Each structure stands twice: as structure tokens, then as C-alpha cells.
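# Survey of secondary and tertiary structure
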Amino acid sequence: MELVKNVVCPFCGTLCDDIICKVEGDEIVGTMNACRIGHSKFVHTEGAMRWKKPQIRDENGELVETTYDEAIERAAQVLAKSKRPLMYGWSCTDCDAQAAGMALAENTKAIVDNTASVCHGPSVLALQDVGYPICTFGEVKNRADVVVYWGCNPMHAHPRHLSRHVFARGFFRERGRSDRTLIVVDPRESDSSKLADIHIQVGYNQDYELLDAMRACMMGHEILYDEVAGVPKEDIEAVVEVLKNAQFGILFFGMGITHSRGKHRNIDTAIMLTQDLNNFGKFTLIPMRGHYNVTGFNQVATWESGYPYCIDFATGIPRYNPGETGSNDLLQSKEADAMMVIASDPGAHFPQKSLERMAEIPVIAIEPHRTPTTELADIILPPAIVGMETDGTAYRMEGVPIRMRKVVNSDLLSDREILEKLMKRVMEIKTASK
Ligand code: SF4
């Protein structure tokens, strides 16, 4: 058995780069340092179904094994014919594949969108309005004496986040956890809130009101009510004092405020609170980005087109209008007439109304495993998995790029190779039909 060190975990936005993989032949049989979720991505689960060959659905609705050439031909025909193709996913693949996808979208006049539109998209809208005062993880570990997790539960969703940045001893925080005040804001008593020094049990869907009261209090105004969002006035005043007295504070925030009432307005108030706290000490924030390379897609899309997600190439000039050009908008308005899904599972994670449209239109899935999306797909192209079977670049949640390692070999094409072949064939079809 061989030990491969310094492997990067291809699961969550924490993007841990200290994983050790235990390898036997061309199989990862174990890990060290990875959390339970990371470990289960690296190690094949007995019984889990991995596509070893491309598939196409026949006239009886059955999936039939085929070659890459045949599946790519079918997929290219779908994309070349479609008037309003949607290309969705992208957050579980590397930046080179994402760049190849942007080129394919531009050449097929498609709409290209990633999981941000169902995740931290509201945070993107907010930062475009009011700003983005962030820092890197190293600064949190070395300097932060006040750490806030607002609307997120890292113990379940980013399991090593706390140990790497809060419990860790840093240059100016030699005692680790005991040098920091940990605040969790969550309506539920979560496993993360159980570790906190202060748990603010905000009323569900009332984060905006609470943030507003905190900002007013911070600026020296009286809070108008005895209780805001279920939190007594004195508790709000006490927590604002903790934030104002921070030498270096960090606000991590998640789906609890991007998905609840107010969405992007919750985030822009949180950003303004963070900015205003810099009148007292140093305060920054970091969105708890979900997939290991959701940030990478928004980076690639922005430097290629000027826009981070929901990008419409229909006129040949990129256009951006979340609310109209998001994946769920296009599916629910029945505007999309074909869909290519890559490195994502909308079949499991989109609302029913969007799935109804997916069932009506041709769906191409570039996906290694059997998922609810491949159940809806007409063409399945299985890739080698980034970070295990092929290398590539990913961006951590606060924008640090890290090179993913190839640990074992695979006969399958990478996402980038599939997309490049697909683009070559689509262009041939389009040129021939002119
Ligand atoms: S915390 Fe995230 S990146 Fe780190 S090992 Fe777990 S799943 Fe992987």
C-alpha cells in the first residue's frame, strides 16, 4: 500500500490540502485527515453505481451503453439544434473544464450558470451592491479573536472548518480556541451552536430585523423594541459590544441567510454591518461557499465574460440578469429547450417545477455516478473525477487557488476533454448547416 500525501479534498469549500490517501493499485482504499464526508468521496462506497461507459436512452426509455464518439455526436446534435440551451452545474470540476465550458456556451449561444444560483448567488448580488470586505483563512487563524458563524452549521457541512481556523493555534492567538470568542447565530440548537460561547437563537426568517437592530445599536442609536427577532434587547446590546471590542473579527455566513426571507438583502445588511465595525476594530467576512470549486467557476466566468453566473450568450454578447437568466428561472418559464448538466445534481436539488421542465426537454449529463439527474438524462458522459483521477485548479471559499492532485489512473476522459470534443463537433455541425 502506498501513501500519497498533500492531496486536496474535492468536496467542500474548505478545500483541505493536507489529506493523505492510502492507495492500492489504481484504487483509493483509505484516507487520513479527511472528515467523514471527504473520506466517503475518496473511497468508493460498496454498491454505489459508477458509470464506466457513456450511455444513451433508447426509444423504450432504457439506457444503453455506447462509445464516447457516439454519445458526443448525440449531445452535439442536441446543442446545435437547440434555440435556448442551458448549461448548468460546474462547481465540482476544475477551472480548465469551466473555461472550456464558457467557450462552448459562447459558441452555442447558450446560458451558462452554476450552483451559485441556488446557493450563494444572493451573496454575489449583495457584494455587487455594497462591497466585499474579506480576508484569507490564514488571517483568521493567526489574528481572529471574535468568530461569528451566522446561518451555517460547519460541524455538519464544512466539518474541518472549525478545527482549522477556530481551534487552531495562530501567530497572535497562541492558545487557539481559548483566545477566541465564538458566536453562532441560528434558530436551531445545532452541533456548531453547542460549541459557541454565545448562541443567538434568532427567529426563523428574521435575520434582517436582527442585523438592522445590531447596526442601529452599533451606531449609538436606541433599539426601539424590547425584543427583536425573538432576541431580548439587552442580549443584542451585549453582543454588539463584543463585536465592537474585537481586535480582529470574522463573520462566516451561510444558507441560513441566503435562502431565508430577504435573501440578498440579508447579506447586504450583514456586509454593511461588517464594514461599519471597522470604525471600532478590524472586521471581515467570508461566505461559506459550498462545493470545493463553486468559487472557481465564478472566477473563471468573470474573467472570461465579465459576469459571475446566470450569463446569457444568446445575442453573442454576454448579458447578466439573475431572476431572468438563472437556471430555475429558465426551466420554470419553460424557456430552456435543452439542458447540459455537468458536475452537479439538479435532479436531486432543484424544485419540482424545474424537474417537470427537465423531464420535457433533452438532458445531457456529464456525471460519474448514478444520480436523480442521470435518471432524467437522455445522454450520459462519465468523466474521470477531478482531485482523484485527474488534476486541475480549484478556488477555496475565500478565493485562494489550489492545485488538485491526480492520485490514481482512470480510462475515462476528463471533463475538459469531453467539453473540447463536444465543442469541436458542435462547430462542425453548425458550419456544415450554414
Ligand atoms: S472539511 Fe471539506 S474539504 Fe475538508 S476534508 Fe471535509 S469535506 Fe473535505
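As the structure is a computational prediction, the values presented were derived from the model and not from experiment.

Taken together, Cys9, Phe11, Cys12, Leu15, Cys16, Ala34, Cys35, Gly38, Pro159 and Arg160 make up all the residues around the ligand. Across the shell around the ligand, the residue classes break down as eight nonpolar, one polar and one charged.

Right, let's talk about helix 4 (residues 121–130) for a bit. Gly121, Pro122, Ser123, Val124 and Ala126 are the residues of helix 4 that are buried. Buried-residue contacts for helix 4 involve strand 13 (248–253), helix 10 (255–258), helix 11 (264–277) and strand 16 (319–320).

So, about the sheet that holds strand 19 (residues 379–381). In spatial order, the strands read 5-4-19-18-17-6-7-15-16; together these nine strands make up an open sheet with mixed pairing. The sheet is open, and its two borders are formed by strand 5 (63–65) and strand 16, each paired with just one other strand. Judged from the two bridges that link them, strand 7 (residues 111–114) and strand 15 (residues 311–312) form a sheet pairing that is antiparallel. Its bridge partner being in strand 15, Val112 is matched across the sheet by Ile311. Against the sheet, helix 2 (residues 68–81) touches strand 4 (55–57), strand 6 (85–89), strand 17 (338–342), strand 18 (363–366) and strand 19, its axis set at about 125 degrees to strand 19.

Attention shifts here to the nonpolar core. By size, the foremost hydrophobic cluster in this structure holds 41 residues, and its most contacted members are Met87, Val112, Met340, Leu381 and Leu419. Mapped by element, the contributors of at least two residues to this core are helix 2, helix 3 (95–107), helix 12 (294–305), strand 17, strand 18, strand 19 and helix 17 (415–432). Counting residues per element, this core draws most heavily on helix 2, which supplies eight residues. Val202, Leu210, Leu243 and Ala270 belong to the second-largest nonpolar core, a separate cluster that totals 33 residues.

As a further point, take the sheet that holds strand 2 (residues 19–24). Spatial ordering of the open sheet is given by 1-2-3, a layout of three strands whose pairing is antiparallel. Of all strands in the sheet, those with a lone pairing partner are strand 1 (2–7) and strand 3 (27–32), marking the two edges. Each strand axis lies, on average, 30 degrees off the axis of its neighbour in the sheet, ignoring direction. Sheet topology note: the strand 1/strand 2 ladder contains four bridges and is antiparallel. The partner of Glu2 across the bridge, within strand 2, is Val23.

Conventions adopted
Residues numbered from 1 in each chain as written. Predicted model: local features only at pLDDT ≥ 70, side-chain atom pairs only at ≥ 80, totals over all residues. Heavy atoms only, no water. Near = heavy atom within 4 Å. Nonpolar A, V, L, I, M, F, W, Y, C, P; charged D, E, K, R; others polar. Buried < 20%, exposed > 50% of the residue type's maximum accessible area, 1.4 Å probe, protein only. Helix = DSSP H or I, 4+ residues; strand = E, 2+ residues; numbered from the N terminus. Contact = heavy atoms within 4.5 Å. Pairing = 2+ DSSP bridges. Axes fitted to C-alpha atoms, helices over the stretch in contact; angles between N-to-C directions. Core = buried A, V, L, I, M, F, W, Y, C linked by side-chain atoms within 4.5 Å.

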